[in-house]
Structure formats: C-alpha cells, structure tokens
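Geometric and topological summary
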Amino acid sequence: MSAASCLLTEDQFLCSICLDVFTDPVSTPCGHNFCKACISQHWDIDVRCQCPNCKEAFNIKPELRVNTFISEMAAQFRQSAQQKASSSSSSSSSEQHVVQPGEVPCDVCTGTRLKALKSCLVCLQSYCETHLEPHLKKTGLKRHQLIYPEENLEGRTCVKHDKLLELFCKTDQVCVCMLCTVSDHKMHDVVPLKEGYEGKKAELRKTDADIQQMIQKRRLKIQEMNRSVKLSKEGADREIADGVQVFTALKESVERNQAELIDTIKEKQRETEEQAEGFIKELEQDISELKKRSSEVEQLSRSEDQLHLLQSFRSLSAAPPTKNWTEVRVRPPSYEGTVRGAVIKLHQTLVKQMKKLLSEVELKRVQRYEVEVTLDPDTANPNLVLSDDGKQVRHGDVEKSLPDNPKRFDSCANILAKQSFSSGRLYYEVQVKGKTDWDLGVARESINRKGKISLTPPKGYWTIWLRNGNEYKALAGPGVRLSSPESPPQKVGVFVDYEEGLVSFYDVDTAALIYSFTGCCFKEKLYPLFGPCNNPSGQNSAPLIISPVNQPEQALAPHPLFSF
C-alpha cells in the first residue's frame, strides 16, 4: 500500500471543492470524487444537481456512499504527509524563530511551536515556514488565500454555516458566506469580499480626505485666531503706549500746577516776611534812638546845676519825634481760595489738554488706516485741471472739450478717486492750504453726476465744505454750521468706517475733530470726493493735494504740470 501511494500524485487525493485531502470521499455517477460534506453542501446551494467538475446533470440527486478504497488511500497519504512535515519541522526548527509572546504560533507544530509566517483563509490555520511549504508547492493548495498571520481565524468563518466569509452584504453591511446568500441574505445586494473591501477603502479615503479638510480648516482657524491675538496684542500695546503718553502728560501738568501753587504760597509768605523784617528794623532803630534819649534824660535829671538843667531841657525837648506805630500792622496773607483757584485752573488746563491729547491719540489711531488714493480723470468736471501723478486738482480758467460719459460731473466742479471701498476702514489726507473754498468727503457709486447737485446724505454724499475762508458747514441736510477756528485748517484728514457707518473729518495740524457723520448705512461702493470749487478773481487758485500721512508740508508744493 505504501509503495502504491508513492506512485500517486498529491492532486489525486485533493477534493476539487475544498482543495484539501479527501475527508470521507464519495464518488458521483460520472466518476469524480469529492468530500462527502463538500458535495452535499454544494448541491444544497446549487439549484441544479450536477457534477462540479464535468457539469453532468442528474435528474435525481444521487445517493452518496463513502468510497472505502479512496478513503484508505487518502488516510495513508495524509499520515505520510504529516510524518514528513513532522520530520522536516524537527530538522529546521532550530533555524526558525520560536514563537514569542504577542506573535502568532504555527497551528501544525507539536512540541516547540514556531512563529507562523502566513495564515490560510481556506484551511483556517496558521503555518510556520516548514508547514507553509505545501501551500507554496502543491497545485491545489496554491489556490488558497494566504494572509499575514492572524490568531482569530475563526472570526473569518460564518458562525451559522461554518463557511468562509467571502462575500459582503451591502444591504446589512456585514460579511457573509455563500450559504448566507440563499437564506438570510437571499434578496440582498451581495458582492465579493474584494469589491466590498475596495468600496470601504474608497469610503475610508473619502472620510480621511474629509477629516484632513476639517483638520486644515481648524488649522486655518487657529492661524486666524493667532493673527487676531497678535493684532489684539499690537492694538493693546499701542493703546498702552498712547495711554502712558496721555497720563504722563497729564501727570506732568498736575506736577507743574502743584509747583506753581507751592511757589505762589511761598511768594506770599516771602513778601510777608520781608515786610515784617522792614518794620522790625525800623522799630529797632526807634528803640535805639529812644534808649539814647532815655540815657540823656536820666543824666540830665541827675544834674543839680539849676542853670544847666534849664538850658539843656530846651534842646532835649526839640528832639525829632519818633514814628507812630499804633496803626502799623503786619497782616498774614490770606491763603483762602488759593488751592481752590489752583485746582480750578488745573481742571481747566487738564480739560483743554485732555481734549488735545485725546484728539492726537484719536488722529494717530485713524491714520493707521491710510490708503492709496489717486484722482480719476474720467469723473473730472471739464473745468478741472489734474496733475500728472493724479494727486492734485485745481479749477482751471478754460473749460476743456472732453468726451461725456456717465461718470463725469458736467456742472459741479467735482472729481472722484479711482479707488472704491466697500468694507473695512480707510483714511487719507488732503492739503487745502491757500484755498478759500473747497468740498471734501465720500460719495456712493450710484450718485447723480449731472446738473446741479446737492451734496447731502440722502443724495449719496457725506461732505463738509469751506466757503469764503471762514464759513464751515457739514452738509448733513439740513446743513450744520461748524465753529470757525482761529485759523483755517491747512490739511484735512478723512476717515471712513464702512461697517460702523462713520465718516469723520479732522484738522490734521491741530488734531481736532471737525465733524462726524454717524449712523450711516452704506450698501454700495464708496469713492473719495474732491471739490476744489470755482476760482473767482484768482482767489481760490491753490490746488487740493492728496498728501501722504505725516509728510512735511513743504514737500507738498503744487505740482508744476497740470494736465489730463
């Protein structure tokens, strides 16, 4: 029997369904052999009763009986293979790794168990290098699916049918075996495990992409918050610096007024002391004279010479009279109201100084929002003359022949900037030195630019003007007369906060707020507006000059060339 088995190939002892050595082999009427359990389950699944190898169909399910001859041959072949594997395992175990804690052991090894290299999803066993060899060489076993070694191979079989989980039910989102598709999952959407695997891999890639996108958004949000913190710190540092500057100036003012109060009181005290010292000196001189006279009187009163006493008494009586000190007084100066007066004066000084300091701080704050502004010749009234750099405009003597367009002012001597703004804050400065009349402000994009125009908020304008060199007005509709300064401003700053609806005008040299439009509702683009006004008799020929912030005035001389 042993010799006969050596002449047979291993493929002759493998079931074509399970690809393993026969267990209880049976023969079909067509002559093919299978494990009894394998062919029985196959026919239970398949609607038609046919041979898996030759596809011969049987009208009646054949009665299957174990082929004792093949069963004995298969048993001998299995025993021979196990002995061979056992001897091979003992000879090579010294060269392979003994299983360590946490590693998957070989399920075939007896005695010292070696580390498994692969696990078979068909056999549901893990194999070391020696016991893996049949799966690498035998034709039938080569078709088995090998994976990296895993311990829980039972988890890869259906607990209900004891079959390999090789399908994926998309309906219930679970892994199933072949028998599950004809029972619990008969009408479900079932795909091969690989297809389900690829689908889930794609979902995982999308999920990971979504997660990475969420991570990126959060990183950007962190950056945004860090920028906000940085801007907040910069703003806080600026406010602290401005606050220190203001309070330092106020502290110095208080100390100066305190020193003046002390000096005033001490001066009064010094004058009182000098007056008293003068009186005392006179009194001491009088006392000295009176003592001298007293000595003469005493000496004369002791004389017993009658003639001498009578002759000397006459000269004694003729002595110069002394000053009458009865009404002379050294009155202490009154300090009543000195401190009060000093405090009132200090209060007035501080109020004035605080207004000035706060105005300077406020102006410095809005100047940080300086923007680039240049004039747009396409909007200029034909009587206006522009500099080549687009920074200066004045009223000319001759009306130019220019193409009319919807953007151009045809009657009012106005012009807009090229730049528009629809969010945030902006600030720019305009030199008005030497002018008696001008208009400044901002206008919305949809304003009327033809004919006579009312520069008021209902018409889309937020402006102030100067007329005749001293008449200031905010064109708030109705107009608001502004207090005329001692001297007209040389430079006007314009600040706009789009979101807050604020338009403010500043006298840059004195840092004084001229006027503010508040509560404005901006819904479209805003353009800076400039009006150099007419030039009657050459009195208003100076240009309006858009000037950089903090640039010396002497550098802002009128541009030598004016043209479109």
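To continue, consider the packing of helix α6 (residues 193-301) against helix α8 (residues 338-367). Look at α6 against α8: their axes get within 10 Å of each other, and the N-to-C directions meet at 160°. One element, α6, and the other, α8, form an angle in the roughly antiparallel class. The chirality of how α6 crosses α8 is right-handed.

On to the confidence of the model for the chain. Residue-level pLDDT values for the chain average 85, and 91% of them are 70 or greater. When the elements of the chain are averaged for pLDDT, helix α1 (residues 2-7) gives the smallest value, 46, and strand β20 (residues 526-531) the largest, 97. Across residues 1-6, confidence stays below pLDDT 50; counting only partners more than four residues off in sequence or on other chains, it has 5 contacts. Long-range and interchain partners of residues 552-564, a stretch whose pLDDT sits below 50, account for 40 contacts in this model, where long-range means more than four residues apart.

Looking now at the pattern of salt bridges. Enumeration over the complete set of coordinates arrives at 22 salt bridges. Residue Arg 467 pairs with Asp 439 through a salt bridge whose shortest N-O separation is 2.9 Å. With a gap of 28 residues between them, Arg 467 in strand β14 (residues 461-467) and Asp 439 in strand β13 (residues 438-444) connect regions that are remote in the sequence. Per residue, the accessibility class of Arg 467 equals that of Asp 439, and both read buried. Among the charged side chains, a network of salt bridges with common partners joins Asp 242, Lys 364 and Arg 368.

Turning next to the sheet that holds strand β17 (residues 491-497). Either a parallel or an antiparallel arrangement is found when strands of a sheet pair, and the pairing is made through backbone hydrogen bonds. The strand order across the open sheet built from 7 strands is β9-β10-β21-β12-β17-β18-β19, with neighbouring strands paired in antiparallel fashion. This sheet does not close on itself; its edge strands, each paired only once, are β9 (384-386) and β19 (512-517). Going across the sheet, the axis of each strand differs from the next one's by a mean of 20°, ignoring polarity. Judged from the 2 bridges that link them, strand β10 (residues 392-395) and strand β21 (residues 544-547) form a sheet pairing that is antiparallel. The residue of β21 that forms the bridge with Gln 392 is Ile 545. Strands in contact with α8 are β12 (425-431), β17, β18 (502-507) and β19; relative to β12, the strand with the most contacts, it is inclined by about 110°.

Criteria and cut-off values
Residues numbered from 1 in each chain as written. Predicted model: local features only at pLDDT ≥ 70, side-chain atom pairs only at ≥ 80, totals over all residues. Heavy atoms only, no water. Axes fitted to C-alpha atoms, helices over the stretch in contact; angles between N-to-C directions. Helix = DSSP H or I, 4+ residues; strand = E, 2+ residues; numbered from the N terminus. Parallel < 35°, antiparallel > 145°, perpendicular 65-115°, else oblique. Left-handed = near helix turned anticlockwise from the far one by under 90°. pLDDT = per-residue confidence, 0-100. Contact = heavy atoms within 4.5 Å. Salt bridge = Lys/Arg side-chain N within 4 Å of Asp/Glu carboxyl O. Buried < 20%, exposed > 50% of the residue type's maximum accessible area, 1.4 Å probe, protein only. Pairing = 2+ DSSP bridges.

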